[in-house]
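So you can see what is in the structure, the chains are spelled out below.
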Amino acid sequence: MATRNQRLMFFITLLILAAFLMPIQSLVHSERANKGEPIVYYIPVEQTVERGLEAFMARSFETAAQEGATHIVLEMDTPGGAVDAAGNIATLIQETEVRVITFVKSKAISAGAYIALNTDKIVMTPGATMGSAAVIDGAGNAAEDKTQSYWLSEMRSAAELNGRDPQYALAMADNRIDLPELGAPEGDLLTLTSKQALQVGYAEAIAANRVELLEHLGLENAIEREMEVSFSEQLARFVTNPVVIPILLSIGSLGLVLELYSPGFGVPGLMGISALLLFFFGHMFAGFAGWESMILFVVGFVLILIEIFVPGFGIFGLLGIAAVIAGMLLASFSTASMLIYIAIALVITTVVAILIFRYFGHRGPMRKIILTDSTSAEKGYISNATRKELVGQIGETLTPLRPSGSVVFGNERLDVVSEGGYIGQGKNVEIIYTAGSRIVVREVKEN
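Residues numbered from 1 in each chain as written. Predicted model: local features only at pLDDT ≥ 70, side-chain atom pairs only at ≥ 80, totals over all residues. Heavy atoms only, no water.

Thoughts on unusual backbone geometry
Along the chain, R402 connects to P403 via a cis peptide bond; the corresponding omega equals 0°. Following the sequence through the fold, P403 ends up in the loop between β9 (394-397) and β10 (404-409). We note that Q47 has phi near 60°; this positive angle belongs to a residue other than glycine. Here Q47 lies in the loop between β1 (39-46) and α2 (51-66). Accessibility expressed as a relative area gives 57% for Q47, which makes it exposed. One non-glycine residue, S132, lies in the positive phi region at around 45°. Inspection of the secondary structure assignment puts S132 in the loop between β5 (129-131) and α5 (145-161). (Helix = DSSP H or I, 4+ residues; strand = E, 2+ residues; numbered from the N terminus. Buried < 20%, exposed > 50% of the residue type's maximum accessible area, 1.4 Å probe, protein only.)

Below, the structure written as structure tokens:
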């Protein structure tokens, strides 16, 4: 028992010491900052360059400026991404008064290379690469000439911004430039290794880690601080990825379509709503959407439900669909791109819904959507009772049968149909068959 109490006291003592040391450490940092010592902020630039990364970069630059940072280091490892997001990040770099250094830890490809060229210095680790910055469309094909021309001018401007030879930047985006000495003959895009980048002036140094980086920058005694991507920002980056957006919209629309055709509220509806909420949350957190887009979506969804349960000649449904699409367009960073994403989602939803209804409609959870029961006389579903007791009775025709007419059987008058031919009035007939309301008679020939 004594040992357990001693351990408890030890942990409590550690917590108390930590509580006292944290403010002391903060005071030391503040005192060092007040003495004019440099402050270096490390900002990770990883994965795909998209609008979520842009929002994170904007917050990071603002925080670094507020904290009095003297240097910002972009720790880069990216395969590239969206041109518009890269352009906005470049604008952030150009407008800040803080010196910005790119530290290429692994690769700075495509949009990553463009961002790096906009910074004051580029330092690369051994084995890192930079380049291959051609513009491609969503299908992986080369972009149109107008877009290529714009991108080449941007690459040239980024290189010239900090006194770098623009021919290498152009060779990264244009395979018509012949640089065989750097492993990029005509027909290939230029990708520089760290040694090649140092040779052509596209890197100021090669450093294996942060310590060597700070030594090169002359910032050995700098205060180091690090920006971390929050969970919300990670989620926003994932949700705003151009590949993920049509997938989310497809899941959302397909889930709601299946839910509307099945009783109650189940898994399809939950998946649909979750996907659409993720879409709006990511775009709102990234700063692309406001509450007005979410309100439009909710109003549109309610109008669609009203159309389903209280038909209004299609007016509520059309207004609902228009409101949902308007909400998505307001939440987007590009109206043209969002229209493409919506079209993709509609096609995917239509195809998948048809396949599900066709191949899985009679089993599994889809059996609630497709009506599989049938009505038959064997199950007791009959519209008129079959009077089999009438078979064999003989009556007299009240009207001619052509082939239908009326016959009196005792005191009962029945509508009948002849077996085939014409039977005149006042003739004797015999009932030979009954099925529901259908009574078939045959004329009785007299001996």
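After that view, the rundown keeps rolling.
Looking at the side chain of E54
Within the secondary structure, E54 sits in helix α2. For E54, a relative accessible area of 14% corresponds to the buried category. Side chain to side chain, E54 and N88 meet in a polar contact 3.1 Å long. Ignoring anything within four residues of it in the chain, the contact list for E54 reads A85, N88, I89 and L92. (Polar contact = N/O pair within 3.5 Å; in protein donor to acceptor, adjacent residues only side chain to side chain. Contact = heavy atoms within 4.5 Å.)

What about helix α8 (residues 210-217)?
Burial in α8 covers these residues: L213, L214 and L217. When α8 is viewed along its axis, its buried side chains cluster within an angular range of 95° and face the same direction. Where α8 starts, the residue carrying a side-chain oxygen 3.2 Å from the main-chain nitrogen of V211 turns out to be N209. Of the residues one or two after α8, G218 is the one with positive phi, at around 70°. (Arc of directions from axis to C-beta.)

A look at the pattern of salt bridges
Two side chains that carry opposite charge are able to pair once their charged atoms sit near each other. If you walk through the whole model with that rule in mind, you get 10 salt bridges. In this structure, R176 and D174 form a salt bridge, with 2.9 Å as the shortest nitrogen-oxygen distance. R176 sits in the exposed class, given a relative accessible area of 59%. By relative accessible area, which is 12% here, D174 ends up buried. One network of salt bridges, with partners in common, ties together E75, R210 and E226. (Salt bridge = Lys/Arg side-chain N within 4 Å of Asp/Glu carboxyl O.)

Some thoughts on the packing of aromatic side chains
To describe a pair of aromatic rings, one takes the distance between the centres and the angle between the planes. Applying the stated criterion across every chain, the model contains two aromatic pairs. Plain terms: the ring middles of Y114 and W151 are 4.9 Å apart, the flat faces sit at 50° to each other, and that makes the pair tilted. Placement of the pair is Y114 in helix α4 (residues 111-117) and W151 in helix α5, with a sequence separation of 37 residues. Comparing Y114 with W151, the two get one shared label, buried. Across the ring face of Y42, the terminal group of R210 is positioned such that the distance to the ring centre comes to 3.8 Å. (Phe/Tyr/Trp six-rings, centres within 6.5 Å; stacked < 30°, edge-to-face > 60°. Lys NZ or Arg CZ within 6 Å of the ring centre and 35° of its normal.)

Things to note about the nonpolar core
In this structure, I72, L74, M130, M155, M172, L190 and Y202 are the most contacted members of the largest nonpolar core, which totals 57 residues. Formed by 18 residues, the second largest nonpolar core is a distinct cluster that contains V244, I245, A275 and Y341. (Core = buried A, V, L, I, M, F, W, Y, C linked by side-chain atoms within 4.5 Å.)

Things to note about the environment of R413
Relative to the helices and strands, R413 resides in strand β11 (residues 412-418). Judged by relative accessible area, which is 57%, R413 ranks as exposed. Separated by 18 residues in the primary sequence, R413 and G395 place their C-alpha atoms 9.3 Å from one another. At 3.3 Å, the side chain of R413 forms a polar contact with the side chain of S406.

Details of a nonpolar patch on the surface
Together, V243, I247, I251, V267 and M271 make up a nonpolar patch on the protein surface, roughly 460 Å² of accessible area in all. Those elements giving two or more residues to the nonpolar patch turn out to be α10 (244-260) and α11 (267-285). By secondary structure assignment, the location of I247 is in helix α10. (Patch = residues over 30% accessible without salt bridge, like charges linked within 9 Å, V, L, I, M, F, W, Y side chains within 5 Å. Areas by Shrake-Rupley, 256 points an atom, 1.4 Å probe, with all protein chains shown as cover.)

With respect to the sheet that holds β9
Strand order in the closed barrel made by the five strands is β9-β10-β11-β13-β12, with mixed pairing throughout. Looking at each pair of strands side by side, their axes are set apart by 55° on average, direction ignored. In this structure, β9 lies alongside β10, joined through two bridges in antiparallel fashion. Across the sheet, E396 pairs through a bridge with V408, a residue of β10. (Pairing = 2+ DSSP bridges. Axes fitted to C-alpha atoms, helices over the stretch in contact; angles between N-to-C directions.)

With respect to the environment of L277
For L277, the position within the fold is in helix α11. Sequence separation of L277 and G252 is 25 residues, and the distance between their C-alpha atoms is 8.9 Å.

Quick look at the packing of α2 against helix α3 (residues 83-95)
Packing of α2 against α3 leaves a shortest axis separation of 9 Å and a crossing angle of 10°. For the element pair α2 / α3, the angle class is roughly parallel. From α2, R51, L53, E54, M57, A58 and F61 reach across to α3, where they touch D84, A85, N88, I89, L92 and I93. Looking at the contact of α2 with α3 residue by residue, the class counts come to eight nonpolar, one polar and three charged. (Parallel < 35°, antiparallel > 145°, perpendicular 65-115°, else oblique. Nonpolar A, V, L, I, M, F, W, Y, C, P; charged D, E, K, R; others polar.)

Spatial relationships are all this shows, so hold off on functional conclusions.
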